Amino acid sequence: MIPVRNVWHMLAYAFGNLNPRGFRSIETERFENVADLSAEILAKGVAQLLKRGIGKDYVPQEDELAAMRGRIVFSETLRGGTLTKKRLVCGWDEFSVNSYMNRIIRTTLNLLVHADIAPARKRTLRRLAASFAGVEPLEPAHINWRLNFNRNNYLYRTLMSFCRLVIEGLLMTQRDGSVRVMDFLDDQAMHRLYEKFLLEYFRQEFPGKTSASWIRWQFDELPDEESLAFLPVMRTDITLSMGDRVLIIDAKYYEHATVERWGQERHRQDHLEQIYGYVNNYVAVEGTTVSGLLLYAKPEGAVDFTHTYPLKGGKLVELRTLDLNCEFSEIRRQLNAIAEEHFGCVMRP
């Protein structure tokens, strides 16, 4: 299990807005589990939002009225027989705090109140939830995460990402249909956090260019459009480039980094094929060396490994583990070593 302290550092990199002074105090606090840590982060994020004022948005409303308001919803008016009562079903947009994003925040606050967190944090969350009076919670399993952000609601972007991590990663549905908040993020949520953490770490620390780039399939002859439509999309988790070198990193968070076949531990074939496809289809400027790295979060109790396989054309594929069950300074050292080995650059210690 990854230490809670390291989860905080991963969150701080993954969600860059957690770095301002309002979040600095978290680094010195002790947390029993990830739910407790999540409650503190959310409390501070929501408190910052409240200082600026809760955002409002136009929320669709519909009701049966004696006088017209907004627009007539003819289908409902005719179906419900409201005309015989001299009434109309009208629809209009109301500028309200009951926006979808505020409802997500209220839902997350409500859920964490019932988690295994410190009593003082429960009181804080209840107090913050009271500030969202008039905001209706949502059904967690049915939240639509396709949200539109603009300059009027950009402050919500980080909060929405964090709420999604909490709701999708800390919840577990029971057999009776009830929902329980887990102490630790599930593997799927940790995989997303691990991937985002690595991307943002190198964006901040690597002196070259860092991106999550798209790779186009390369063919001797271009297939027809129907055949192309069936090909999977290739997008790297992290692509580092500097000078005449490119390193494509694919982040892997699995309970077992290898699989056993015929009594022997072997690398996962589908992972190798994936990184092989990335390296061989990546189009680089002539003279540029392209390499691929499968970076596995080291499972607890597993053995570290670093295996390098040279390919034709000067390319290579590397597989290695990243130990997350240590001091964060050691995690930094491991990540810095990757960049230094492949690019010969100097990373911040």
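In short, a report on the structure. These numbers were taken from a predicted model, which means no experiment stands behind them. (Residues numbered from 1 in each chain as written. Predicted model: local features only at pLDDT ≥ 70, side-chain atom pairs only at ≥ 80, totals over all residues. Heavy atoms only, no water.)

1. Digging into the overall build of the chain
When helices and strands are counted, the chain shows 11 helices and 15 strands. A principal-axis box enclosing the C-alpha atoms of the chain has dimensions of 80 × 60 × 45 Å. Going through the 349 residues of the chain one by one, you find that 45% of them count as buried. For the chain, restricting intrachain contacts to residue pairs at least 6 apart in sequence, the fraction spanning at least 24 positions comes to 66%. About 20,000 Å² of surface is accessible on the chain, with carbon and sulfur atoms providing 49% of the total. Averaged over its 45 positive side-chain charges, the chain has a centre that lies 8 Å from the centre of its 45 negative ones. (Helix = DSSP H or I, 4+ residues; strand = E, 2+ residues; numbered from the N terminus. Buried < 20%, exposed > 50% of the residue type's maximum accessible area, 1.4 Å probe, protein only. Contact = heavy atoms within 4.5 Å. Areas by Shrake-Rupley, 256 points an atom, 1.4 Å probe, with all protein chains shown as cover. Lys, Arg positive; Asp, Glu negative; His and termini not counted. Charge placed at Lys NZ, Arg CZ, Asp CG, Glu CD.)

2. Structural notes on the nonpolar core
Counting residues in each nonpolar core, the largest one holds 80 residues, and the members touching the most others are Ile105, Tyr194, Phe202 and Leu335. Among residues more than four places away in sequence, those in contact with Tyr194 are Met10, Ala251, Lys252, Tyr253, Leu295, Tyr296, Ala297, Leu322 and Leu324. Within the second largest apolar cluster, 14 residues are counted, among which are Met234, Ile248, Leu294 and Val317. (Core = buried A, V, L, I, M, F, W, Y, C linked by side-chain atoms within 4.5 Å.)

3. Here we look at the environment of Ala115
Position of Ala115 relative to the elements: it lies in the loop between helix H5 (100-113) and helix H6 (119-130). Assessed through its relative accessible area of 3%, Ala115 is described here as buried. Spatially, the C-alpha atoms of Ala115 and Gly91 are 39 Å apart, while their sequence positions differ by 24 residues.

4. What to know about the sheet that holds strand E2 (residues 71-72)
With antiparallel pairing, three strands are arranged side by side in an open sheet as E1-E3-E2. At either margin of the open sheet sits one strand with a lone partner, and together these are strand E1 (57-65) and E2. Here nine bridges tie E1 to strand E3 (residues 88-96), and the two strands are oriented antiparallel to one another. Its bridge partner being in E3, Gln61 is matched across the sheet by Trp92. (Pairing = 2+ DSSP bridges.)

5. Description of helix H1 (residues 4-14)
Side chains three or four residues apart in an α-helix point the same way, a direct result of the helix having 3.6 residues per turn. By the criterion of burial, H1 is predominantly enclosed, with 10 of the 11 residues buried. Along H1, the residues classified as buried are Val4, Asn6, Val7, Trp8, His9, Met10, Leu11, Ala12, Tyr13 and Ala14.

6. Quick look at the sheet that holds strand E15 (residues 316-322)
Reading across the sheet, the six strands line up as E6-E9-E10-E13-E15-E14 and stay open at both edges, with mixed pairing between neighbours. Looking at the sheet topology across the chains shown, the edges are occupied by strand E6 (209-211) and strand E14 (306-310). Ignoring which end each strand starts from, the neighbouring axes of this sheet average 20° apart. Pairing of strand E9 (residues 238-242) with strand E10 (residues 245-252) involves five bridges; the strand directions are antiparallel. Directly across from Ile238, in E10, lies its bridge partner Ile249. Across the sheet, helix H10 (residues 269-281) touches E10, strand E13 (289-297) and E15, and the angle it forms with E13 is around 150°. The strands touched by helix H11 (residues 328-343) are E9, E10, E13 and E15; relative to E15, the strand with the most contacts, the crossing angle is about 170°. (Axes fitted to C-alpha atoms, helices over the stretch in contact; angles between N-to-C directions.)

7. Some thoughts on the packing of aromatic side chains
Considering all chains together, one arrives at 11 aromatic pairs under this definition. Note on Tyr13 and Tyr201: the rings are 5.1 Å apart at their centroids and 55° apart in plane angle, and the pair reads as tilted. You can see Tyr13 sitting in helix H1 and its partner Tyr201 sitting in helix H8 (residues 187-205), a full 188 residues away along the chain. Judged by relative accessible area, which is 11%, Tyr13 ranks as buried. Seen from their ring centres, Phe197 and Tyr201 are 6.1 Å apart, and the 55° between their planes marks the pair as tilted. One end of the pair is Phe197 and the other is Tyr201, both in helix H8 and four residues apart, which spans about a single turn. Take Phe197: its relative accessible area is 0%, and that puts it in the buried class. Every member of this aromatic cluster is reached through a ring pair, and the members are Tyr13, Phe197, Tyr201, Phe202 and Phe328. (Phe/Tyr/Trp six-rings, centres within 6.5 Å; stacked < 30°, edge-to-face > 60°.)

8. A few points about the side chain of Ser99
With respect to the secondary-structure elements, Ser99 resides in the loop between E3 and H5. Reaching out from Ser99, the side chain makes a polar contact with the side chain of Asn102 at a distance of 3.2 Å. Setting aside chain neighbours within four positions, we find Ser99 in contact with Gly55, Asp57 and Val59. (Polar contact = N/O pair within 3.5 Å; in protein donor to acceptor, adjacent residues only side chain to side chain.)

9. Here we look at the environment of Glu260
Examined against the element boundaries, Glu260 turns out to sit in strand E11 (residues 258-261). The exposure class of Glu260 is exposed, given its relative accessible area of 56%.

10. Regarding the packing of H5 against helix H7 (residues 156-170)
H7 packs onto H5 with a crossing angle of 40° between their chain directions and a minimal axis gap of 10 Å. Considering their axes alone, H5 and H7 lie oblique with respect to each other. Relative to H7, the crossing made by H5 is left-handed. Across from Met101, Asn102, Ile104, Ile105, Thr107, Thr108, Leu111 and Leu112 in H5, the residues of H7 making contact are Tyr156, Leu159, Met160, Cys163, Val166, Ile167 and Leu170. A breakdown of the residues in the contact of H5 with H7 according to their chemical character gives 12 nonpolar, three polar and no charged. (Parallel < 35°, antiparallel > 145°, perpendicular 65-115°, else oblique. Left-handed = near helix turned anticlockwise from the far one by under 90°. Nonpolar A, V, L, I, M, F, W, Y, C, P; charged D, E, K, R; others polar.)

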